[in-house]
Amino acid sequence: MRYHLSLVLLVIMSPFATHCSTLCADDWPQWMGPSRDGEYRESGLIGKFPENGPKILWRSSIAGGYAGPSVADGRVFVFDYEKKSGDEFNNPGQRATLDGRERIHCFDQATGEKLWEHSYDCPYSISYPAGPRCTPTVDGDSVYSLGSEGDLKCLDTATGEVRWERSFKRDYNAAVPIWGFSAHPLVDGDAVICMVGGENQTVVAFNKKTGEELWKGVSANAVGYCPPSIIEAGGTRQLIIWHAEAIESLNPQDGSVYWRVPFQPSYEMSIARPQKYQNMLYASGIGNKSIMLKLSTDKPGAEELWSGTPKNSLYCANSTPIFHNGVLYGSDCGAGSFIAANGENGDRYWETFEPTRTGETRRISHGTAFVTHIADSDRFLLFSEVGDLIIAELNSAGYQEISRAHVIEPTGECFGRAVVWSHPAYANRTAFIRNDKEIIAVSLAE
């Protein structure tokens, strides 16, 4: 049986978070937070939800999509698809043909009032066609969006005016992956770095102010779905990409290759961002494929530390795992359970279905919970595919659920069950969560 898209959300940007030791608030300008590491650094957060659930501050109507929200400078950005015609269906082996418009919305963070909207015609020919995959990435007064059909745009955050745009199909003759372009753009210095696809153009860097090409490189048989990211290792800033054939480290200034490790997921589904802890880099995907790399400490380099077996490690796809204090936490795309594993050797500490599916204790293909670590604690925020927001304590000893609230309805479909597959944004003691009908603001303030 073929596997469907582990559609997701993957975005990127340069780090610019500050650590909070006193009461503070922070923005969430891209997927997985200010530093793209899944760390939530605000203080003054609620310890447990009230009996009747957390306060919903506002809700606003939107349409379909998998792209999570981003939050910056008092604005909330979310990306959706307004279908006009066509037969929408979810088939992992067949593209649906739709006519409609992709839309970037900007809302007032405090009230949910719509400030502006930018939309453009965008016929779809992809599998699982609910809408865009990529969370808008905010950098200063610009917001960058990448649509499912490869439309890259730079908009003014205050007005929604288009500053520049590129089309991967038109400008690079790039093939649209069956599940759409999903590798969210990385803003690094003066560049916007994107996974485009094609001979010597698997990755392309654009001038973030003008959209002009700065450099391109790397060849692969398919671009995959994994966002590029920046790490520091071996005394060097390295651009990490994972396409359908290998994990590669590049010089972010010119695209030259530092190192390459072959690593092929099934169905070209490189999705979850490789996660770093100390001198280890972990990647996993569909088909029981996982690898832990040991990064060189004196220069750019990597070698395999261990690879997964059917009974160890975890195999994340839809959601990127968290690698915290040497422990891997994430949703296993095969069993659908939530697993904790030892980063040193892949041995599993524990496994549970509680975060991924309420009331289920059985295998559920691609059961998904999006995981975020609350800094300076053993606490995590988990957002389950059934629409539950969970506060839990996770460590190698086990999973302890502290509080759970059902905050939004699952409006998508996967293997006959209702799901919501979109990573929340956490900013200003608020969770911003979307499905295919609305975006809501949920208070997390103590």
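Residues numbered from 1 in each chain as written. Predicted model: local features only at pLDDT ≥ 70, side-chain atom pairs only at ≥ 80, totals over all residues. Heavy atoms only, no water.

Description of the overall build of the chain
- Scanning the chain from N- to C-terminus turns up 1 helix and 36 strands.
- Computed over its C-alpha atoms, the radius of gyration of the chain comes to 20 Å, within 12% of the 22 Å expected for a compact globule of 446 residues.
- Seen through its principal axes, the chain has C-alpha atoms that stretch 55 × 50 × 50 Å.
- For the chain, buried positions account for 65% of its 446 residues.
- Considering only contacts within the chain whose residues lie at least 6 apart along the sequence, 57% involve residues at least 24 apart.
- Accessible area of the chain: about 15,600 Å², with a carbon and sulfur share of 43%.
- Charge centroids of the chain, computed over 40 positive and 55 negative side chains, lie 3 Å from each other. (Helix = DSSP H or I, 4+ residues; strand = E, 2+ residues; numbered from the N terminus. Rg over C-alpha atoms; globule rule 2.2 N^0.38 Å. Buried < 20%, exposed > 50% of the residue type's maximum accessible area, 1.4 Å probe, protein only. Contact = heavy atoms within 4.5 Å. Areas by Shrake-Rupley, 256 points an atom, 1.4 Å probe, with all protein chains shown as cover. Lys, Arg positive; Asp, Glu negative; His and termini not counted. Charge placed at Lys NZ, Arg CZ, Asp CG, Glu CD.)

A short note on the side chain of Arg103
- The topology assignment puts Arg103 in strand S5 (residues 96-108).
- A polar contact is formed between the side chain of Arg103 and the side chain of Asp80, at a distance of 2.8 Å.
- Polar contacts involving the side chain of Arg103 include one to the side chain of His105, which spans 3.5 Å.
- Not counting residues within four places of it along the chain, the set of residues in contact with Arg103 comprises Ile62, Ala63, Val78, Phe79, Asp80, Glu82, Glu117, His118 and Ser119. (Polar contact = N/O pair within 3.5 Å; in protein donor to acceptor, adjacent residues only side chain to side chain.)

A closer look at the environment of Phe89
- One can find Phe89 in the loop between strand S4 (75-86) and S5.
- For the pair Phe89 and Ala130, spaced 41 residues apart in the sequence, the C-alpha separation amounts to 8.8 Å.
- Every residue in contact with Phe89, bar those within four places of it in the chain, is listed here: Gln94, Arg95, Ala96, Tyr128 and Pro129.

Quick notes on the sheet that holds strand S26 (residues 338-342)
- Pairing within the open sheet is antiparallel, and its 4 strands lie in the order S24-S25-S26-S27. Looking at strand neighbours, the two that pair on one side only are strand S24 (322-324) and strand S27 (348-352), the edges of this open sheet. Strand after strand, the sheet turns through a mean of 15° between neighbouring axes, direction not considered.
- Strand direction decides the pairing type here: S24 and strand S25 (residues 327-331), joined by 3 bridges, are antiparallel. When the bridges of S25 are listed, Ile322 appears paired with Tyr329. (Pairing = 2+ DSSP bridges. Axes fitted to C-alpha atoms, helices over the stretch in contact; angles between N-to-C directions.)

Observations concerning the confidence of the model for the chain
- Of the residues in the chain, 95% have a pLDDT of 70 or more, and the chain-wide mean is 93.
- Within the model, pLDDT remains below 50 along residues 1-22, and this stretch shows 115 contacts once partners closer than five positions in the same chain are excluded. (pLDDT = per-residue confidence, 0-100.)

Describing the sheet that holds strand S30 (residues 388-395)
- Pairing is mixed across the open sheet formed by 5 strands, whose spatial order is S1-S28-S29-S30-S31. Looking at which strands have only one partner, the edges of the open sheet turn out to be strand S1 (39-40) and strand S31 (398-406).
- Here 2 bridges tie S1 to strand S28 (residues 369-374), and the two strands are oriented parallel to one another. Within the sheet, the bridge partner assigned to Glu39 lies in S28 and is His373.

A closer look at unusual backbone geometry
- Positive phi outside glycine occurs at Val218, with the angle close to 75°.
- The residue Val218 is located in the loop between strand S15 (213-217) and strand S16 (229-233) in this model.

Focus: the pairing of strand S11 (residues 162-167)
- When strand S10 (residues 151-156) meets S11, the two strands line up antiparallel, connected through 5 bridges. In the strand pairing of S11, Leu155 is matched with Val162.
- In textbook terms, the turn of a hairpin is the stretch between consecutive antiparallel strands, and for S10 and S11 this stretch comprises 5 residues, one of which, Gly160, has a positive phi near 80°.

Overview of the pattern of salt bridges
- The final tally for this structure, using the stated rule, is 23 salt bridges.
- A salt bridge links Arg103 to Asp80, with the shortest nitrogen-to-oxygen separation between them at 2.8 Å. Highlighted residues: Arg103 in strand S5 and Asp80 in strand S4, separated in sequence by 23 residues.
- Since its relative accessible area comes to 11%, Arg103 is described here as buried. (Salt bridge = Lys/Arg side-chain N within 4 Å of Asp/Glu carboxyl O.)

Regarding the packing of aromatic side chains
- The full count for this structure, using the stated rule, is 19 aromatic pairs.
- When the ring of Tyr40 is compared with that of Tyr426, the centres are 5.4 Å apart and the planes differ by 35°; the resulting orientation is tilted. Here the residue Tyr40 occupies a position in strand S1, and Tyr426 occupies one in strand S34 (residues 425-427), the gap between them amounting to 386 residues.
- By relative accessible area, which is 2% here, Tyr40 ends up buried. (Phe/Tyr/Trp six-rings, centres within 6.5 Å; stacked < 30°, edge-to-face > 60°.)

Describing the nonpolar core
- Core analysis: the biggest nonpolar cluster contains 47 residues, and Phe383, Leu389, Val407, Tyr426, Ile433 and Leu444 have the highest contact counts within it.
- Among the secondary structure elements, those contributing two or more residues to this core are S4, S28, strand S29 (379-384), S30, S31, S34, strand S35 (430-434) and strand S36 (438-443).
- The biggest single contributor to this core is S36, with 4 residues.
- Not counting the four nearest positions on each side in its chain, Val407 is found in contact with Pro54, Phe383, Gly387, Leu389, Ile433, Ile440 and Val442. (Core = buried A, V, L, I, M, F, W, Y, C linked by side-chain atoms within 4.5 Å.)

Regarding the pairing of strand S23 (residues 302-307)
- By the bridge criterion, 5 bridges tie strand S22 (residues 289-295) to S23 in an arrangement that is antiparallel. In the sheet register, Leu295 faces S23, and the bridge partner there is Ala302.
- In sequence, S22 turns back onto S23 through a hairpin of 6 residues.

A short note on the side chain of Thr135
- Here Thr135 shows up in the loop between strand S7 (124-126) and strand S8 (137-139).
- Classification of Thr135 as buried rests on a relative accessible area of 2%.
- A polar side-chain atom of Thr135 sits 3.1 Å from the main-chain amide nitrogen of Gly68.

Section: the environment of Val386
- Note on placement: Val386 falls in the loop between S29 and S30.
- Through-space distance from the C-alpha of Val386 to that of Thr368 is 8.8 Å; in sequence the pair is 18 residues apart.

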